[in-house]
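Each chain, written out:
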Amino acid sequence: MDVLIVGAGPTGLALGIDLARRGVDALVVEKADALFPGSRGKGIQPRTMEVFDDLGVVDAVRAAGGGYPVGMIWQDGRQMGEHQMFDPAEATEDSPYNEPMMVPQWRTQQILAARLAKLGGTVSFGRELTGLTQDAEGVTAHFADGTDLRARYAVAADGGRSAVRRALGIGMTGEPVDPKPMLVADVRLTGLDREHWHLFPPRGEDDGFLAICPLAGTEDFQVAAQFPEGSTVDVSLDGVRKVIAARSHLDADAVTELRWASDFRPRMALADRFRSGRVFLAGDAAHIHSPAGGQGLNTSVQDAYNLGWKLGAVLRGGAPLSLLDTYEEERRPIAADMLGLSKSVHRGETRRGEATRQLGLGYRDSSLTEETCATPGAVRAGDRAPDGLLDGVRLFDAFRGPHWTLVAVGTEAPGGLPEAVRVVRGEAQASYGAGLFLVRPDGYVGWAGDQAAGLTGYLDRFGLR
């Protein structure tokens with residue numbers, strides 16, 4: 001086996017899909033007996049929608065979810081006014097998915113798991129990891145049922161309490177975001193419309209807020225409630241009914257069904273390292289976010305997207321092992337920035353808007369980035385490669401797949417490029433200006449230049465000849 005992925009959350013499933021389409025022999029193992037049942041990470045940001053476009057699941061995700069509703073503020077049973085939860089943004093030619101989508105996490109995982117199965121991938125449930133050892137040739141995972149699995153590489157995608165991270169002895173540095181405990185639950189209820197995200201502000205110092213959000217594509221509502229510091233949170237049906245009855249105009253019996261519930265203390269933490277030898281940390285195993293702003297799941301999926309093409313290039317494409325060093329180099333600073341953003345949104349210092357969409361993130365400072373234009377334009381090496389039309393070709397259609405793409409705008413494209421590089425040519429493109437832009441398999445510009453000098457040498461770095 002090439003890669004063992006521990007954890008069948010969005011991170012592990014997205015990585016499994018990316019590796020499967022590259023012909024990498026990978027297995028996803030999951031401690032639980034089934035996929036996660038709750039709505040927890042319900043926000044899919046625009047950049048993650050672009051990733052899902054490339055992975056072949058964007059249509060299913062759009063069909064399964066919907067946009068975010070406007071907030072409705074309640075007081076003493078009266079509607080007091082609407083509240084825009086997100087700064088609005090219209091889709092544009094270069095950013096077709098410019099608004100976040102709401103999809104319950106359980107549904108996102110179902111979609112990813114179905115895509116993985118279609119590509120021939122496998123999820124093995126009921127596999128609890130108890131230990132992990134590694135040597136110069138590979139990794140051996142030990143499981144509670146007494147079995148072992150051997151792989152060339154392993155990826156910890158097993159959440160904030162990662163057993164893999166603990167086995168590796170990698171610490172996490174963090175802090176509480178808010179000392180007040182939270183309840184999050186999926187319920188069926190009556191008495192509220194599904195056109196609004198219903199907000200019930202605290203009634204006093206000893207109370208906390210209550211928010212009840214209709215979950216797009218389902219009959220469920222997600223309940224989020226904050227409690228005073230030191231409180232014990234009751235996650236039973238009776239407990240959820242009591243908090244809704246106490247903080248809203250609804251009666252307790254308006255809650256007809258409890259489908260899933262959890263309690264947590266909002267915190268942020270970052271793993272001290274994202275790699276130990278042949279083992280990589282991704283998703284919540286590497287960084288833990290406050291849920292505010294919807295950055296956790298999205299940053300996690302993009303970890304997988306960054307790591308997937310690099311593992312594929314090393315295992316199947318002849319790239320040097322040093323390419324794997326750039327995973328931590330590129331993703332850890334991004335994760336650190338997103339942790340700060342999540343904290344700021346949680347504390348009301350930053351609105352949900354341009355920053356939370358993650359379209360502006362990039363890798364200009366990466367060792368994989370080469371900018372050779374004499375006068376760089378709006379799109380530079382290291383930036384996200386925008387969508388748009390070039391000579392009638394939609395660029396995201398050209399990018400889709402495990403290959404590299406050379407975008408040649410008003411400049412002659414060189415001949416003799418490797419088969420792994422697809423070329424798209426045209427005389428004018430509004431977003432890119434003029435020049436040559438080599439787009440990595442994960443949709444970021446790796447190399448940019450006014451002419452082809454230096455392009456072949458750059459491709460040689462990845463074993464592309």
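Look a little higher up for the structure.
Summarised in this report is the structure supplied together with it. Since the model is a prediction, treat every value here as computed from it, not as a measurement.

**What about the sheet that holds strand β25 (residues 404-409)?**
Pairing is mixed in the open sheet, where five strands are placed in the order β22-β28-β27-β25-β26. Two strands bound the open sheet, and with one partner strand each, they are β22 (370-371) and β26 (421-426). Bridge count between β25 and β26: six bridges; the pairing is parallel. For V407, the partnering residue across the bridge sits in β26 and is V424.

**Concerning the nonpolar core**
Soluble globular proteins tend to pack their nonpolar side chains together in the buried interior. Grouped together as the largest cluster of nonpolar side chains are 103 residues, with contacts concentrated most on V3, L4, L311 and L438. No other element matches the ten residues that helix α7 (residues 296-316) contributes to this core. The contacts of L438, once residues within four sequence positions are left out, are W404, T405, L406, V421, Y444, V445, G446, W447, L455, Y458 and L459. In this structure, M72, V187, L210 and I244 belong to the second largest nonpolar core, which totals 21 residues.

**Things to note about unusual backbone geometry**
The phi dihedral of D76 is positive, around 55 degrees, even though this residue is not glycine. Assessed through its relative accessible area of 56%, D76 is described here as exposed. Although it is not a glycine, Q358 sits at a positive phi angle of roughly 70 degrees. Structurally, the position occupied by Q358 is in the loop between α9 (354-357) and β22. Take Q358: its relative accessible area is 1%, and that puts it in the buried class.

**Focus on the packing of aromatic side chains**
Scanning the model with the defined rule gives 14 aromatic pairs in all. Arranged with centres 5.5 Å apart and planes meeting at 85 degrees, the rings of W309 and W404 form a pair that is edge-to-face. You can see W309 sitting in helix α7 and its partner W404 sitting in strand β25, a full 95 residues away along the chain. Like W309, the residue W404 is buried in the burial classification. Between W404 and Y458, the ring centres sit 6.3 Å apart and the planes meet at 80 degrees, which makes this aromatic pair edge-to-face.

**Describing the sheet that holds strand β18 (residues 267-271)**
Pairing within the open sheet is antiparallel, and its three strands lie in the order β12-β18-β21. Looking at which strands have only one partner, the edges of the open sheet turn out to be β12 (172-176) and β21 (287-288). Where β18 meets β21, two bridges bridge the pair, whose relative direction is antiparallel. In the sheet register, A269 faces β21, and the bridge partner there is I288.

**A few points about the packing of helix α2 (residues 46-55) against α7**
The description of two packed helices rests on the angle between their axes and on the distance between the axes. At their nearest, the axes of α2 and α7 sit 9 Å apart, and the two run at 40 degrees to each other. By the angle between their directions, the pair α2 and α7 is classed as oblique. Relative to α7, the crossing made by α2 is left-handed. Across from R47, T48, V51, F52, D54 and L55 in α2, the residues of α7 making contact are N298, V301, Q302 and Y305. When the residues that make up the contact of α2 with α7 are grouped by side-chain class, the tally is five nonpolar, three polar and two charged.

**Focus: the environment of R188**
Structurally, R188 can be placed in strand β13 (residues 182-189). Through-space distance from the C-alpha of R188 to that of F125 is 28 Å; in sequence the pair is 63 residues apart. With residues up to four places along the chain from it excluded, the contact list for R188 reads E219, D220, A254, V255, T256, E257 and R259.

**Thoughts on the pairing of strand β28 (residues 445-449)**
With five of five residues buried, β28 lies mostly within the body of the structure. In the sheet, β22 pairs with β28 via two bridges, with the strands oriented parallel. Residue pairing for β28: E371 is matched across the bridge by A448. As paired elements, strand β27 (residues 435-439) and β28 share four bridges and run antiparallel to each other. Bridge pairing in β28 links V439 to V445. A loop of five residues connects β27 with β28, the two strands running antiparallel in sequence, and G443 in this loop sits at a positive phi of about 80 degrees.

Rules used in this analysis
Residues numbered from 1 in each chain as written. Predicted model: local features only at pLDDT ≥ 70, side-chain atom pairs only at ≥ 80, totals over all residues. Heavy atoms only, no water. Pairing = 2+ DSSP bridges. Helix = DSSP H or I, 4+ residues; strand = E, 2+ residues; numbered from the N terminus. Core = buried A, V, L, I, M, F, W, Y, C linked by side-chain atoms within 4.5 Å. Buried < 20%, exposed > 50% of the residue type's maximum accessible area, 1.4 Å probe, protein only. Contact = heavy atoms within 4.5 Å. Phe/Tyr/Trp six-rings, centres within 6.5 Å; stacked < 30°, edge-to-face > 60°. Axes fitted to C-alpha atoms, helices over the stretch in contact; angles between N-to-C directions. Parallel < 35°, antiparallel > 145°, perpendicular 65-115°, else oblique. Left-handed = near helix turned anticlockwise from the far one by under 90°. Nonpolar A, V, L, I, M, F, W, Y, C, P; charged D, E, K, R; others polar.

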